[in-house]
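# Descriptive structure summary
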Amino acid sequence: MPRIRSTTLPGGETVPVLGQGTWRMGEDPNKRKDEVAALRAGIELGMTLIDTAEMYADGGAERVVGEAIAGRRDQVFVVTKFYPQNATRERMAAACDRSLRRLNIEQIDLYLLHWRGEVPLKATLAGFDDLLGARKIRYAGVSNFDVDDMEELARLKGGVERIVTNQVLYNLERRGIDWDLLPWMRKRHRPIIAYSPVEEGLLAHAQHVLKRVAERHDATPVQIALAWVVREDGVIAIPKAADPKHVRENRGAADIKLTKRDLEELDESFPPPEGKKPLEMR
Ligand code: NAP
């Protein structure tokens, strides 16, 4: 199986365009073994970017990730997120230490503000500087930031330089960012990380056009939905799959190149935005 295509972070490091999500993992101890196995299967297939958050299962998902990557740390790019109420310098330092412990690693690869809260962005940037300086994190980023939030960030000293990505909702059904946020990020050579790329599994039960395009590629609707999300450079998709069958299926999406005809047919059923839409979030 060929390697998964990669995209470049500011600074030159590359990451695969298909990773793995972990929301709703770590909630049920009876499912833990399967969740760990699914993540490991994904790593073996090259989906080595793993996304988690202190919020998921109240730290439980980070523990599952910690177990899955034990003995494989060097192969994996670990992304985790902190709550907006922890976005001050002091609280970020403490939240980061807790995440490191649960993940059982020395350093987080990419640390994201989960969504914007009350804490001024300047304080959060200072918190990121502390953690970067202490080598507890390698990169900093944000999540659920619309263009006006990114603009505000960019006006702060070091704002846009420091922030290497923005993780947002993006899939065929929710493509508002095609209008403005995605071009904004591309212009600044910052990839977005697309969450809920298969609309929480709903695109698996798809009808009409996804099925038709899938048949042409000897693929499945989910694979087409994922191939669409990563169709152009600058987007990383992080489908969550606890079922190993889903993990393998998702990996297959990385090898599909959609044609002009595919994209036109998908545009007809999932029309691109014709103007600004406020950023949607979960
Ligand atoms: P998603 O990845 O679009 O969908 C996950 C659901 O789809 C699961 O129920 C999964 O089932 C199912 N699924 C996955 N692959 C499938 C396949 N090939 N065929 C059929 N069903 C399939 O939604 P998500 O979990 O909301 O988003 C992905 C990740 O993004 C999250 O896990 C999380 O890490 C991140 N996220 C971030 C934010 C944020 O605010 N930053 C918000 C939401 C999500 P099984 O588990 O049974 O395989």
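Heads up: the structure comes first, above all this text.
Structural notes, computed from the coordinates. Computed from a predicted structure; not experimentally measured. (Residues numbered from 1 in each chain as written. Predicted model: local features only at pLDDT ≥ 70, side-chain atom pairs only at ≥ 80, totals over all residues. Heavy atoms only, no water.)

A word on the packing of aromatic side chains. For any two aromatic rings, the description comes down to two numbers: the centre-to-centre distance and the angle of the planes. Inspection of the entire model under this criterion finds six aromatic pairs. Consider the rings of Phe77 and Tyr139, whose centres lie 6.3 Å apart with planes at 35°: the pair is tilted. Here Phe77 is found in strand S4 (residues 77-82), whereas its partner Tyr139 is found in strand S6 (residues 137-143), with 62 residues between them in sequence. Pair check on accessibility: Phe77 and Tyr139 agree, each one buried. (Phe/Tyr/Trp six-rings, centres within 6.5 Å; stacked < 30°, edge-to-face > 60°. Helix = DSSP H or I, 4+ residues; strand = E, 2+ residues; numbered from the N terminus. Buried < 20%, exposed > 50% of the residue type's maximum accessible area, 1.4 Å probe, protein only.)

On to the pattern of salt bridges, then. What the rule picks out here adds up to 31 salt bridges. Glu44 is the partner of Arg72 in a salt bridge, and the nearest nitrogen-oxygen pair spans 4.0 Å. Here Arg72 is found in the loop between helix H2 (60-69) and S4, whereas its partner Glu44 is found in helix H1 (residues 32-44), with 28 residues between them in sequence. Here Asp130 and Arg89 are joined by a salt bridge, their closest N and O atoms 2.9 Å apart. Of this pair, Asp130 sits in helix H4 (residues 121-133) while Arg89 sits in helix H3 (residues 89-103), and the two are 41 residues apart along the sequence. Through salt bridges with shared partners, a single network forms among Arg24, Arg174, Glu199, Glu200, Glu280 and Arg282. (Salt bridge = Lys/Arg side-chain N within 4 Å of Asp/Glu carboxyl O.)

This part is about the sheet that holds strand S9 (residues 235-237). Reading across from one edge, S3-S4-S5-S6-S7-S8-S9 is the order of the seven strands in this open sheet, with parallel pairing throughout. Every interior strand has two partners, whereas the edge strands, strand S3 (49-51) and S9, have only one. Sheet twist, expressed as the average angle between the axes of neighbouring strands with direction ignored, equals 30°. Strand direction decides the pairing type here: strand S5 (residues 108-113) and S6, joined by five bridges, are parallel. Bridge pairing links Leu112 to Gly141 in S6. (Pairing = 2+ DSSP bridges. Axes fitted to C-alpha atoms, helices over the stretch in contact; angles between N-to-C directions.)

Further remarks concern the pairing of strand S8 (residues 192-195). Where burial is concerned, the two faces of S8 agree: the one with Ile192 and Ala194 and the one with Ile193 and Tyr195 are both buried. Of the pairings in the sheet, the one linking strand S7 (residues 163-169) to S8 comprises four bridges and is parallel in character. Among the inter-strand pairings, Asn166 is bridged to a residue of S8, identified as Ile192. In terms of handedness, the path from S7 via helix H7 (residues 181-187) over to S8 forms a crossover that is right-handed. In the sheet, S8 pairs with S9 via three bridges, with the strands oriented parallel. (Right-handed = clockwise from strand over helix to strand, strands pointing away.)

Looking now at the side chain of Asn86. Considering the arrangement of structural elements, one finds Asn86 in the loop between S4 and H3. Residues within four places of Asn86 in sequence aside, it is in contact with Glu54, Arg91, Met92, Ala95 and Arg98. (Contact = heavy atoms within 4.5 Å.)

We now examine the site of the ligand. As a matter of local geometry, the ligand sits amid 28 residues, with Trp23, Asp51, Ser196, Lys240 and His246 nearest to it. Pro197 is positioned with one of its backbone polar atoms (N or O) 3.3 Å from an oxygen atom of the ligand. A distance of 2.9 Å is found between a nitrogen atom of the ligand and a side-chain nitrogen or oxygen belonging to Asn250. Relative to its unbound accessible surface of 900 Å², the ligand loses 88% to contact with the protein. Counting residues per element, the shell around the ligand draws most heavily on helix H10 (residues 244-252), at three residues. Each residue belonging to the shell around the ligand can be placed in one class, and the counts come to 11 nonpolar, 10 polar and seven charged. (Near = heavy atom within 4 Å. Polar contact = N/O pair within 3.5 Å; in protein donor to acceptor, adjacent residues only side chain to side chain. Areas by Shrake-Rupley, 256 points an atom, 1.4 Å probe, with all protein chains shown as cover. Nonpolar A, V, L, I, M, F, W, Y, C, P; charged D, E, K, R; others polar.)

These figures come from the coordinates and say nothing about function on their own.
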